[in-house]
Each structure stands twice: as C-alpha cells, then as structure tokens.
Amino acid sequence: MSRYPKISDTPDRFDLKSNKLCKNCENFIAENRKHYCSKECMEQFNRNNSWFFIRKDVQE
Ligand SMILES: [Zn+2]
C-alpha cells in the first residue's frame, strides 16, 4: 500500500476532438508521450502533486 495516491492514477484529459492533453497545461501531447507535453511539465506536475499530498497529510 502506498502512502500517497499515485500520480498515474489521475485521469487522462482530452479535448473535444479526443486529443490527449497535458496534465500540467493545456497543450496537446505528442504521440510518443504519455501524460505530459514536455519534461518540464512532468516535473512541475509531480512536484505540485507531491507537495499537495504532503501538506494535506501534515494538516490532518
Ligand atoms: Zn504541458
């Protein structure tokens, strides 16, 4: 059991034409990428989410 929800559990986002959208911004994702439009977005998203869950955990 993991202490924090896995980031891979967050649902993929799509626009009205079923294009996959980056989890961190509104850009489309290239075919060869999974969840983010760029490495920067991946790192930013991971950092934001980790801190969100850690802060939440500390407050409870
Ligand atoms: Zn992005």
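Residues numbered from 1 in each chain as written. Predicted model: local features only at pLDDT ≥ 70, side-chain atom pairs only at ≥ 80, totals over all residues.

Caption draft 1: Looking closely at the confidence of the model for the protein. Per-residue pLDDT for the protein has a mean of 84; in total, 85% of the residues score no lower than 70. For the protein, the element scoring lowest by mean pLDDT is helix α1 (residues 39-59), at 85; strand β2 (residues 20-21) scores highest, at 92. (pLDDT = per-residue confidence, 0-100. Helix = DSSP H or I, 4+ residues; strand = E, 2+ residues; numbered from the N terminus.)

Caption draft 2: Looking closely at α1. With 21 residues, α1 extends 30 Å from end C-alpha to end C-alpha; this agrees with the ideal 30 Å at 1.5 Å per step. The buried fraction of α1 amounts to zero of the 21 residues, a small share that puts the element mostly on the outside. (Expected span 1.5 Å × (residues − 1). Buried ≥ 20, exposed ≤ 12 C-beta atoms within 10 Å, placed from the backbone.)

Caption draft 3: Summary view of the environment of Asn-27. Mapping Asn-27 onto the fold places it in the loop between β2 and α1. Spatially, the C-alpha atom of Asn-27 lies 6.4 Å from that of Cys-37, the residues being 10 residues apart in sequence. Not counting residues up to four positions away in its chain, the partners in contact with Asn-27 are Cys-22 and Cys-37. (Contact = placed C-beta atoms within 7 Å.)

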